[in-house]
Amino acid sequence: MAEPGVETRTRSSVITARAAATFEPVGRSVATARAFVRDTLQGWGYTDVVDDATVLTSELVTNAIIHAGTAADVLCLRTEQGVRVEVADRYPEREVPLQGTGRFDMSPDRESGRGLLLCAALASRWGVEYSPTRKQVWFQLDLPERPVGTRSAGPALPDDLLPVADERVRVAVVQIDRKGAIAAWNEDAEHLFGYAAEQAVGRPLGDLAAWPHTPGIGTGLAEALRLSRWEGSYGIRGADGRVIPVYASHLRVRDTQGEPSTVCLLVRDYERAVLQSPPRTPVDSNNEGRSSDPFEVFIGSPAPDDLDGLLQRTVERARDMLDGDAAFLLLATDDETELEVRATTGLPSARQRFARVPVESGTGRYSSARMPAVHEDLAAVPGAVPLLNGTGMRSVVTVPLKVEGRLTGSLGVAAEAAGRYSNEEALRLQFAADRIALAVESARLGELERLRRGSLSFLVEASDLLAGTLDRDQTLALMAQMTVPTLATWCAVYTIADQSSDPYLSYVLHEDEDRIDGLKALLSKIPPPEPVPSPGARVWSAPSEAAHQAALRTSMRELGYGSAPLSSGIGTTLATAAAVGGETVVLPLVARNRVIGMLTLGKPSDDHFRQEILELAEDLSRRAALALDNARLYSERTAISQSLQRSLLPPGLPQVPGVEVDVIYRAAGEGNEVGGDFYDLFPIRDNAYGFAIGDVCGTGPEAAAVTGLARHALRLLAREGFGGPAVLERLNAAILDEGARSRFLTLLYGELWPQEDGSALLKVVCAGHPLPLRLRQDGTVEPAAEPQPLLGVMEDLELYEQTVTLDPGDVLLCVTDGVTERREGARMLGDDGLMDVLRTCTGLTAGAVTARVMRAVERFAAEPASDDMAILAMRVPEPHTD
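This one's a predicted model, so the numbers in the text were calculated from it and none came from an experiment.

A tally of regular secondary structure across the chain gives 21 helices and 34 strands. Sequence-distant contacts in the chain: of pairs separated by 6 or more residues, those separated by 24 or more amount to 61%. For the chain, the exposed area adds up to about 43500 Å²; of that, 50% sits on carbon and sulfur atoms.

Structural data, given as structure tokens:
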């Protein structure tokens, strides 16, 4: 049985192209790496695997840059079967999934490692390779394999998603002769329409067809039968008089004698999925008897596969057909209320691309794009065609593009001279538009489908990246990097701290890094956009106007018309004006019913946004707003938590005359500064000091609350003059008074008095805590107290204190059970192990003792500590001898 991801069939792995890049360990490198892989694969023509490759690369580069913290090397290799992408980092010791076991030794919820899980899910093959200095993760995506001769194929679908048809799908095959009469009528045609073959043969098809023809703008039945191929819907009148809606595929053929006829395949209209267009046969220029397809005559052969190429070819052919100076084609929005400029020739296309005009701009016939229109002189009706304002065009003819009666676009041709066009040219252009409309609509739907698939991949990737951080600055950077250059040329993010605050410019990004400073300076000088909570993108003209005014003033000063000539800076100002001179839109960032900022997107001079891009940006803004608000809440909670935790720690260790003191404290859990373990050392009165080290049952905030109670109570009671037993008995009562919130507490408490002879006198009480250890100068180690009951369990405690004298050179070591219970599998450090470590500390300072003990604890096990730890060492130094 083959292992997952392992190829068992021999394949050619000849590399036909390669591309490599290195990305620095900074946040924006992830977006740059995605763009590098996407551009590389699209350049190779591997569009089938671009989205999967981009998602996988993003995850692997994120692992390298964010989690491993090193630069990422990305290598793309092209083979005949697909593409291989390799991502390497400089940190070879990262954890990876176990291979060959059929499972992953990690959780999908973890921040790191998700790229490997995605590799297993999406890639044809993948793997991890190591060297002494780096780790490399690679994946391979195979191109979809299509049988020889297959032009197109659909995916395997569940049965409930298949098209609905009768128990037996009937395809009527009808052959129409040169004169339009029925020459053949098969058995399925008899069953579908009720006519026997002898009743149908010889009759004109027009006698039976209910053709949806609109005079002047549609294709008639006779015209459709003369086309080399045609598909569409119409009706056939059955023998009972009822009209049966059918979906038809017409193919023009000729017999061996050269006689032309049309073969019609007819199915019920709801069974249209049964039929599919036959592939076009290349035009044979040497065969004069072959009938030509008007579509190919107009658009040329072969027709462009992509929508933009098809539209551009269309406007060029329309201009040439009517001998015009310019032509344009606009596509209708889904609601048919606006037309979007998609292709022009002879006009400033960069200025007009994706600009929008209304379908209905007035009440007259010529004010609607739904009907053909001829303007003999635009000078007589200024603004009649807004697209041509300022272009010098005088006469224009426009016709609609319609599919099954629905407006899908508008095609126009213009000339610089007046009176160039009449109704005759309008009919010729309409005839061409009727033939191109179906191909344009089909290509547009295909483009929308690709865009939607890419948008889904983009939003999934964006959501994953935004969910992967709770850092506000990194969230802002991700928002900008995901929009530039995918959605816009530049981006600015404004944030609003609270309801009373003004929007603040928090982040600016331009696809050209040299433009960022100029763009930031420009936006800083103009008022921010209004924080309107209504959804959707709204146009913001202030940046473009400000940039143009600044460029104008700079140019005038440069030419000597201003107050003072300017010899430098005009290049930067003009470049900034060009960078923001296009359309600028603002999308509100709304989270938890509050506007927390605005996402501003911009285009360069005279450029516009597509509606699909704005809809995608709106989806992204909703996700980004929630991520930004989560980062804000996390930052606030973290600041509050850290402030409260710091209040539970001692402000600092006092200097004890004649005694060295050192403490090491480690709280378990990410982001915790205080846990269930605590320590304290504080002055009680002159030459008397109190010290404590304790352990509250459990870890985290609940344990830290009891920690604060214990530490403050100890200081207060000790300074009131109570002895050690009395202090702990009163603390025990206070803990029990907490009720359900009370916790068990082990505590070592003592009082320290430095002596004039260089020694130190201690009185200690050990309430359920690990016993303090005394290291003598000769290297012997022994417990310095006896165990007594812990606190927080019984109401009546009888505790006593013990006296210990530390001679010069002696060390008293106090620890919590996080030290003695350090584990590695079944082994535990324990009291004996701690005593062995302490024996090696003879002659060391208090700081060196705590450091050695902590180092021994960390090295005892490979896994991070799961319990809080505190280490307190007190040493009486030996007297100096000259």
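Read on for the rest.
With that settled, consider a negative patch on the surface. A cluster of acidic residues, Asp-737, Glu-795, Asp-796 and Glu-798, forms a negative patch at the surface. For Asp-796, the location among the structural elements is in the loop between β29 (781–783) and β30 (802–806).

Our focus in this paragraph is the pattern of salt bridges. According to the stated counting rule, one finds 28 salt bridges in the structure shown. Residue Arg-632 pairs with Asp-629 through a salt bridge whose shortest N-O separation is 2.8 Å. In this pair, Arg-632 and Asp-629 are both assigned in helix α16 (residues 611–648), 3 residues apart and thus about one turn of the helix distant. Accessibility expressed as a relative area gives 24% for Arg-632, which makes it partly exposed. The class of Asp-629 is buried, set by a relative accessible area of 2%. What emerges from the salt-bridge pattern is a single network uniting Arg-84, Glu-86 and Glu-129.

When helix α13 (residues 516–525) is considered as a whole, its buried residues turn out to be Ile-516, Gly-518, Leu-519, Leu-522 and Leu-523. One face of α13 carries all of its buried residues, which in axial projection span an arc of 165 degrees. Exposed and facing more than 90 degrees away from the buried side of α13 are Asp-517, Ser-524 and Lys-525.

The next thing to look at is the nonpolar core. The biggest cluster of nonpolar side chains holds 53 residues, and the ones touching the most others in it are Met-479, Met-482, Val-493, Leu-523, Leu-589 and Leu-601. Looking at this core, the element that brings in the most residues is α16, giving 9 residues. Here Met-482 is in contact with Arg-34, Phe-458, Ala-462, Leu-465, Leu-466 and Leu-620, once residues within four sequence places are set aside. In this structure, Val-30, Val-37, Ala-72 and Val-87 belong to the second largest nonpolar core, which totals 32 residues.

Attention now moves to the sheet that holds strand β26 (residues 745–754). Taken in spatial order, the 5 strands of this open sheet run β24-β25-β26-β27-β30, and their pairing is antiparallel. A strand with exactly one partner marks an edge of an open sheet, and here the two such strands are β24 (677–685) and β30. In this sheet, adjacent strand axes meet at a mean angle of 20 degrees when their direction is disregarded. Bridging between strand β25 (residues 688–696) and β26 involves 8 bridges; their strand directions are antiparallel. Its bridge partner being in β26, Gly-694 is matched across the sheet by Leu-747. Its contacts with the sheet put helix α18 (residues 724–736) on β26 and β27 (760–767), and the angle it makes with β26 is roughly 150 degrees.

The next thing to look at is the sheet that holds strand β18 (residues 490–495). Sheet architecture is open: 5 strands sit in the order β19-β18-β22-β21-β20, paired in antiparallel fashion. Strands at the two margins of the open sheet, each flanked by one partner only, are β19 (504–510) and β20 (538–539). Sheet topology places β18 next to strand β22 (residues 594–602); 6 bridges connect them, and they run antiparallel. For Ala-492, the partnering residue across the bridge sits in β22 and is Thr-600. Relative to β19, α13 is tilted by about 150 degrees, and along the sheet it contacts β18 and β19.

Our focus in this paragraph is the environment of Ile-526. Its place among the elements puts Ile-526 in the loop between α13 and β20. Sequence separation between Ile-526 and Ala-542 is 16 residues, and the spatial gap between their C-alpha atoms is 7.4 Å. Every residue in contact with Ile-526, bar those within four places of it in the chain, is listed here: Trp-540, Ala-542, Pro-543 and Ala-546.

Turning our eyes to something else, we now look at helix α20 (residues 830–839). Each turn of an α-helix holds 3.6 residues, which means side chains three or four residues apart point in the same direction. Taken residue by residue, α20 has Gly-830, Gly-833, Leu-834, Met-835, Val-837 and Leu-838 as its buried positions. For α20, the secondary structure elements touched by its buried residues are β28 (773–775), β29, β31 (811–815), α19 (817–820), β33 (827–828) and α21 (846–860).

Next up on the list: the confidence of the model for the chain. Looking at the chain as a whole, the pLDDT averages 80, with 82% of positions reaching at least 70. Looking across the chain, the model is least confident in helix α10 (residues 349–352), with a mean pLDDT of 51, and most confident in β31, with 95. Note that pLDDT drops below 50 for residues 1–12; the model gives that stretch 12 contacts with residues more than four away or on any other chain. Counted against residues more than four places away or in other chains, residues 214–218, with its pLDDT under 50, gives 9 contacts.

Once that is clear, we can look at a nonpolar patch on the surface. Together, Phe-744, Val-793 and Met-794 make up an exposed nonpolar region whose accessible area comes to about 270 Å². Relative to the helices and strands, Phe-744 resides in the loop between α18 and β26.

In terms of burial, β19 is largely enclosed, as 5 of its 7 residues are buried. Bridge count for β18 against β19 is 6 bridges, and the pairing is antiparallel. Bridge pairing in β19 places Trp-490 opposite His-510.

So, about the packing of aromatic side chains. How two aromatic rings sit relative to each other is set out by the distance from centre to centre and by the angle between their planes. Per the stated rule, a full pass over the model turns up 5 aromatic pairs. Between Tyr-494 and Trp-540 the ring centres are 6.2 Å apart and the planes differ by 80 degrees, which places this aromatic pair in the edge-to-face class. A residue pair is termed long-range when its members are at least 10 positions apart, and Tyr-494 in strand β18 and Trp-540 in the loop between β20 and α14 (542–558) qualify at 46 residues. Grouping residues by exposure puts Tyr-494 and Trp-540 together as buried. Linked through ring pairs, Trp-185, Phe-193 and Tyr-195 together constitute an aromatic cluster. A cation over a ring is seen here: Arg-203 above Tyr-195, with NZ or CZ 5.5 Å from the ring centre.

So, about the packing of helix α2 (residues 50–67) against helix α11 (residues 423–467). Relative orientation and spacing of two packed helices are given, respectively, by the angle between their axes and the distance between those axes. Two numbers describe how α2 lies on α11: the axes approach to 10 Å, and their chain directions differ by 15 degrees. Considering the angle they form, α2 stands roughly parallel to α11. For the element pair α2 and α11, the recorded crossing hand is right-handed. Note on element contacts: α11 touches α2 through Arg-453, Gly-454, Ser-457, Glu-461, Asp-464 and Leu-465, opposite Asp-51, Thr-54, Val-55, Ser-58, Glu-59 and Thr-62. Here the residues of the contact of α2 with α11 sort into 2 nonpolar, 5 polar and 5 charged.

Counted residue by residue, strand β13 (residues 338–345) has 7 buried out of 8 residues, so it is predominantly covered. Relative to β13, strand β12 (residues 326–332) is paired through 6 bridges, and the arrangement is antiparallel. Within β13, the position partnered with Ala-332 by the bridge is Leu-339. Connecting the antiparallel pair β12 and β13 is a turn made up of 5 residues, with Glu-336 showing a positive phi of about 60 degrees. In the sheet, β13 pairs with strand β14 (residues 356–358) via 3 bridges, with the strands oriented antiparallel. Considered in β14, the bridge of Glu-338 is made with Pro-358.

Rules used in this analysis
Residues numbered from 1 in each chain as written. Predicted model: local features only at pLDDT ≥ 70, side-chain atom pairs only at ≥ 80, totals over all residues. Heavy atoms only, no water. Helix = DSSP H or I, 4+ residues; strand = E, 2+ residues; numbered from the N terminus. Contact = heavy atoms within 4.5 Å. Areas by Shrake-Rupley, 256 points an atom, 1.4 Å probe, with all protein chains shown as cover. Patch = residues over 30% accessible without salt bridge, like charges linked within 9 Å, V, L, I, M, F, W, Y side chains within 5 Å. Salt bridge = Lys/Arg side-chain N within 4 Å of Asp/Glu carboxyl O. Lys, Arg positive; Asp, Glu negative; His and termini not counted. Charge placed at Lys NZ, Arg CZ, Asp CG, Glu CD. Buried < 20%, exposed > 50% of the residue type's maximum accessible area, 1.4 Å probe, protein only. Arc of directions from axis to C-beta. Core = buried A, V, L, I, M, F, W, Y, C linked by side-chain atoms within 4.5 Å. Pairing = 2+ DSSP bridges. Axes fitted to C-alpha atoms, helices over the stretch in contact; angles between N-to-C directions. pLDDT = per-residue confidence, 0-100. Phe/Tyr/Trp six-rings, centres within 6.5 Å; stacked < 30°, edge-to-face > 60°. Lys NZ or Arg CZ within 6 Å of the ring centre and 35° of its normal. Parallel < 35°, antiparallel > 145°, perpendicular 65-115°, else oblique. Left-handed = near helix turned anticlockwise from the far one by under 90°. Nonpolar A, V, L, I, M, F, W, Y, C, P; charged D, E, K, R; others polar.

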